[in-house]
Amino acid sequence: MHRIRELYELYNQAVFRYFLRMTGNRDEAAELTQETFYQACLSVLRFRKQSSLKTWLYSIARNVYLKSLRNKGKPHALSPAESETFGFEPAGGDNPADVLILKEERDRVREALTRLPENYRSILILKEFEQMTNEEIAGIFDQTPNWVRVTFFRAKRQLGEIYRNLEGDDQC
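Here the structure is a predicted model, which means the values were calculated and not measured.

### Some thoughts on the packing of aromatic side chains
- Following the criterion strictly, the structure yields four aromatic pairs and no others.
- A centroid spacing of 5.4 Å and a plane angle of 55° characterise the contact between Tyr-18 and Phe-19, whose relative ring orientation is tilted.
- Accessibility expressed as a relative area gives 1% for Tyr-18, which makes it buried.
- With 5.5 Å between their ring centres and 45° between their planes, Phe-141 and Trp-147 make a pair best called tilted.

### What to know about the packing of helix α3 (residues 53-72) against helix α5 (residues 118-129)
- Where α3 contacts α5, the axes come no closer than 12 Å and their chain directions differ by 145°. Of the two possible hands of crossing, α3 and α5 adopt the one that is right-handed. Facing α3, whose interface residues are Tyr-58, Arg-62, Tyr-65, Leu-66 and Leu-69, α5 presents Glu-118, Asn-119, Arg-121, Ser-122 and Leu-126.
- For the contact of α3 with α5, the class distribution of residues is five nonpolar, two polar and three charged.

### Description of the side chain of Asn-12
- By the secondary structure assignment, Asn-12 is in helix α1 (residues 2-23).
- Since its relative accessible area comes to 11%, Asn-12 is described here as buried.
- Excluding its chain neighbours within four sequence positions, the residues that come into contact with Asn-12 are Leu-7, Thr-33 and Phe-37.

Criteria and cut-off values
- Residues numbered from 1 in each chain as written.
- Predicted model: local features only at pLDDT ≥ 70, side-chain atom pairs only at ≥ 80, totals over all residues.
- Heavy atoms only, no water.
- Phe/Tyr/Trp six-rings, centres within 6.5 Å; stacked < 30°, edge-to-face > 60°.
- Buried < 20%, exposed > 50% of the residue type's maximum accessible area, 1.4 Å probe, protein only.
- Axes fitted to C-alpha atoms, helices over the stretch in contact; angles between N-to-C directions.
- Helix = DSSP H or I, 4+ residues; strand = E, 2+ residues; numbered from the N terminus.
- Left-handed = near helix turned anticlockwise from the far one by under 90°.
- Contact = heavy atoms within 4.5 Å.
- Nonpolar A, V, L, I, M, F, W, Y, C, P; charged D, E, K, R; others polar.

Below you can see the structure in the form of structure tokens.
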């Protein structure tokens, strides 16, 4: 139990941020975070040390998320109130036009992310926001680091395409 407490203290905020970025909902992220650590408690004795505790915990988190998707269906659109969850800093300038442009870009990125398949969204969030290595992500997905590199590249490309399409829709 001592080990789980340490694990919780080390990673609860990171796991919460992962879920917040995946769901856009603080309550749901908190619930999924609790479920992740509950599942970790149940399976800690089966941890085989084939990966780091961090990778093992994120594997549990991803499985918890996938189970919640199966139970609830398609993820909902991310709320504008959660814009900070994607790592954007508020505009520091006084120019209202700049503030508006930044808000629109944030909203477009948020919407583009919701349109990505789950594995693409997860990989982008783990790599870009959680700063995980290809090896760590490979452990979470039970894949090779090369698979992560290729999938990350495809995810970025698809995110860019979706973003550009949304940008074009906004100009009509």
